[in-house]
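# Topology and contacts: notes
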Amino acid sequence: MRIVELWRYPIKSLGGERLQTSAVTELGLVGDRSWGIEDVATGRVLTAHREATLLLAAGRLAEDGSAEVHLGDDVLRSDDELSDWLGRRVRLRAADHNSGGTFEAPLDDLDESSCNWMQWTGPPGAFHDSKRTRVSLISTTTLAGQDPRRFRANVVLDQDGTVGESTDGWVGQSLVIGGVTLDVRRHIGRCVMVTRPQPGLARDLDVLQRLNAERAGLAAIGALVTQPGEISVGDTVMPRVDSTVSRLLRPTVSKTVRRAARQLPKLDRLRRSTSRRA
């Protein structure tokens, strides 16, 4: 496979910016998830679970490394501008190497208004959700025609003429891409956020229905960086089996797949709800 798209998302839960090349450190693509919008009252970094409005804007890095929020033709830079936009007191917060962001998500993403919410602390250095993901990858096979922006992966891969090739079997392997080496640690489960509207993309419940029915809710893989370097569009991915990593991860991967499979009842509720509205 080879890289056909490269993305970084400077501000947590906002749209990203497309790149041709990027340096990669142990934290991931330089600048990726390096900023978040923090709710002043709670101290939590907002995500589109709690504030779906975030999906309507895009994050950009200015030349001095500061973050900007691009909302249509407007550029929001100050905390006051962001607070007016979101209707609550917020501040733009840079990730630091001493502490991770505090995030929250509903236990039932199809019934967010009445279910309980869980909280967790992400890894330090950047506002990633999981300690097992610094770079996320998805293939055109997995996308099956869907716009990659719905999935917020850093690396989009094309099978380069190999029919049916997928990234699914790479969990537990090392990947060499350009000057970077990654250890693939997990499948990434998906939730209702992939169905929500964002610029150029309408609300589409079929996205999650297909994922639940065909892929047990899994789309993309997450990796840690073991050899920093640089990657570019056009670089070829070379999987390298690492028996030690594979042996350690096999139980974790199995649990992930089983847990995702248990989400299938949500698909039935979603179908019934859609039928009632039709």
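Preceding block: the structure.
What this report covers is the structure whose coordinates are included nearby. Computed from a predicted structure; not experimentally measured.

With respect to the helices, strands and loops of the structure, Glu 68 is situated in strand E7 (residues 67-71). By relative accessible area, Glu 68 is classed as buried at 14%. One polar contact links Glu 68 to His 70, side chain to side chain, over a distance of 3.1 Å. Beyond its immediate sequence surroundings of up to four residues, Glu 68 is in contact with Ile 11, Ala 58, Gly 59, Arg 60, Ala 62, Val 75, Leu 76 and Arg 77.

Reading across from one edge, E4-E3-E17 is the order of the three strands in this open sheet, with antiparallel pairing throughout. Two strands close off the open sheet at either side, each with one partner strand: strand E4 (28-29) and strand E17 (229-232). Relative to E17, strand E3 (residues 21-25) runs antiparallel, the two sharing four bridges. Note that in E17 the partner of Ala 23 across the bridge is Glu 230.

It is worth spelling out the nonpolar core at this point. Core analysis: the biggest nonpolar cluster contains 22 residues, and Leu 137, Leu 182 and Ile 231 have the highest contact counts within it. Among the secondary structure elements, those contributing two or more residues to this core are strand E1 (2-8), strand E12 (135-139), strand E13 (155-158), strand E14 (173-177), strand E15 (180-189) and strand E16 (218-227). Look past the residues within four positions of Leu 182 in its chain and what remains in contact with it is Val 135, Leu 137, Gln 173, Ser 174, Leu 175, Ile 177, Ala 223, Leu 224, Val 225 and Thr 226.

This model, assessed by the stated rule, comprises one aromatic pair. Relative to Tyr 9, the ring of Trp 7 has its centre 6.2 Å away and its plane inclined at 15°; by these criteria the two rings are stacked. One exposure class covers both Trp 7 and Tyr 9, and it is buried.

Moving on, we get to the pattern of salt bridges. For the structure shown, the criterion picks out 14 salt bridges. Here Glu 17 and Arg 8 are joined by a salt bridge, their closest N and O atoms 2.7 Å apart. For the pair shown, Glu 17 and Arg 8 are each scored as buried. Between Asp 168 and Arg 215 there is a salt bridge; the shortest N-O distance is 2.6 Å. Of the two residues, Asp 168 sits in the loop between E13 and E14 while Arg 215 sits in helix H3 (residues 206-215), which places them 47 residues apart along the sequence. By relative accessible area, Arg 215 is classed as buried at 19%. Three or more residues are tied together by salt bridges with common partners; here these are Glu 38, Arg 91, Arg 93 and Asp 96.

Analysis parameters
Residues numbered from 1 in each chain as written. Predicted model: local features only at pLDDT ≥ 70, side-chain atom pairs only at ≥ 80, totals over all residues. Heavy atoms only, no water. Helix = DSSP H or I, 4+ residues; strand = E, 2+ residues; numbered from the N terminus. Buried < 20%, exposed > 50% of the residue type's maximum accessible area, 1.4 Å probe, protein only. Polar contact = N/O pair within 3.5 Å; in protein donor to acceptor, adjacent residues only side chain to side chain. Contact = heavy atoms within 4.5 Å. Pairing = 2+ DSSP bridges. Core = buried A, V, L, I, M, F, W, Y, C linked by side-chain atoms within 4.5 Å. Phe/Tyr/Trp six-rings, centres within 6.5 Å; stacked < 30°, edge-to-face > 60°. Salt bridge = Lys/Arg side-chain N within 4 Å of Asp/Glu carboxyl O.

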